[in-house]
Protein chains: 2
Amino acid sequence: MDPNCIFCKIIAGEIPATVIDRDKDFIAIADVNPQAPTHLLVMPIKHYPNLNAFIDVLSNTVIARLFAFAAHLGASAGKGAGYRIVINTGPNGGQSVDHLHIHVLAGRHMSWPPG
Amino acid sequence: MDPNCIFCKIIAGEIPATVIDRDKDFIAIADVNPQAPTHLLVMPIKHYPNLNAFIDVLSNTVIARLFAFAAHLGASAGKGAGYRIVINTGPNGGQSVDHLHIHVLAGRHMSWPPG
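All values derive from a computational prediction rather than experimental measurement.

Calculation criteria
- Residues numbered from 1 in each chain as written.
- Chains lettered and ligands numbered in written order.
- Predicted model: local features only at pLDDT ≥ 70, side-chain atom pairs only at ≥ 80, totals over all residues.
- Heavy atoms only, no water.
- Salt bridge = Lys/Arg side-chain N within 4 Å of Asp/Glu carboxyl O.
- Buried < 20%, exposed > 50% of the residue type's maximum accessible area, 1.4 Å probe, protein only.
- Contact = heavy atoms within 4.5 Å.
- Buried area = accessible area lost by both parts, 1.4 Å probe.
- Polar contact = N/O pair within 3.5 Å; in protein donor to acceptor, adjacent residues only side chain to side chain.
- Helix = DSSP H or I, 4+ residues; strand = E, 2+ residues; numbered from the N terminus.
- Expected span 1.5 Å × (residues − 1).
- Lys, Arg positive; Asp, Glu negative; His and termini not counted.

1. Quick look at the pattern of salt bridges
All names here are of chain A.
At step 1: Inspection of every chain in the model, using the stated rule, returns six salt bridges over all chains.
At step 2: We note a salt bridge from Asp25 to Lys24, for which the minimum N-O separation is 2.8 Å.
At step 3: Here Lys24 falls in the exposed class, since its relative accessible area comes to 68%.
At step 4: Residues participating in the shared-partner salt-bridge network are Asp23, Lys24, Asp25 and Arg65.

Below, the structure written as structure tokens:
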């Protein structure tokens, strides 16, 4: 846990959030500024600052399970109409919290370009 | 290979494309309608219609390697300033070709909302 990280504080229960799903390694919460009818943030419980930091140290099994967790939640939220996954890394990506999180957006048609 | 899939035809060399990187399982090509100075499409060489179809049948190793391939290309293209990954699944996601592809965008600040 990073004591300065808002997502670590949410995971620790120090800041409230709407938890959608959770297993031993990952958690999905509702984005507080949703950009679609369903807008989830799927993240590892342990603190990794971004996607590359996560991928470069975790096992293939854990990496695959994170994406499967996000894809299954997206498919479920999309109700057959689909969903968009977005992962922001660094300032140009628009990353706002330095704790890896996967945006899962569903419930409306997502336009192009993607930001 | 799906004979009606434009990405399968690119992979087979039947339609030209700018190939950025390739290994035995995955290929990265330049998007023909780029939405950022760098806009890559990272995809499995074999045809899977979308992210869920890929995740539900492939091994953890292959799944993790696809995302590592994309994340490393993104970090390289981002030159320390970051990048955005976007995966569209189904009509609401904005998926335009039914062959799983990961958008990797870098070289400008990506805005919010992501489409």
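2. Concerning the interface of chain B and chain A
At step 1: Of the residues lining the interface, 40 residues belong to chain B; the matching set on chain A comes to 40 residues.
At step 2: For the pair chain B and chain A, the summed buried area comes to about 3,500 Å², and 57% of that belongs to carbon and sulfur atoms.
At step 3: The largest per-residue losses of area from chain B upon contact with chain A belong to Asn92, Trp112 and Gly115 of chain B, which jointly make up 18% of the total buried on that side.
At step 4: The interface formed by chain B and chain A holds zero salt bridges in total.
At step 5: At the boundary of chain B and chain A, one finds 24 residue pairs in polar contact (both at pLDDT 80 or more).

3. Topic: helix α3 (residues 60-78) of chain A
One full turn of an α-helix is made of 3.6 residues, so residues set three or four places apart face in the same direction.
At step 1: The end-to-end C-alpha distance of α3 of chain A is 27 Å, a good match for the 27 Å that 19 residues give at a rise of 1.5 Å each.
At step 2: Looking at the residues trailing α3 of chain A, positive phi occurs at Lys79 of chain A, about 50 degrees.

4. Side note on the side chain of Arg84 of chain B
At step 1: By the element assignment, Arg84 of chain B lies in strand β4 (residues 83-89).
At step 2: Despite its burial, Arg84 of chain B pairs with no opposite charge; the closest candidate is Asp31 of chain A, at 11 Å N-O.
At step 3: Polar contacts involving the side chain of Arg84 of chain B include one to the main-chain carbonyl oxygen of Met110 of chain B, which spans 3.5 Å.

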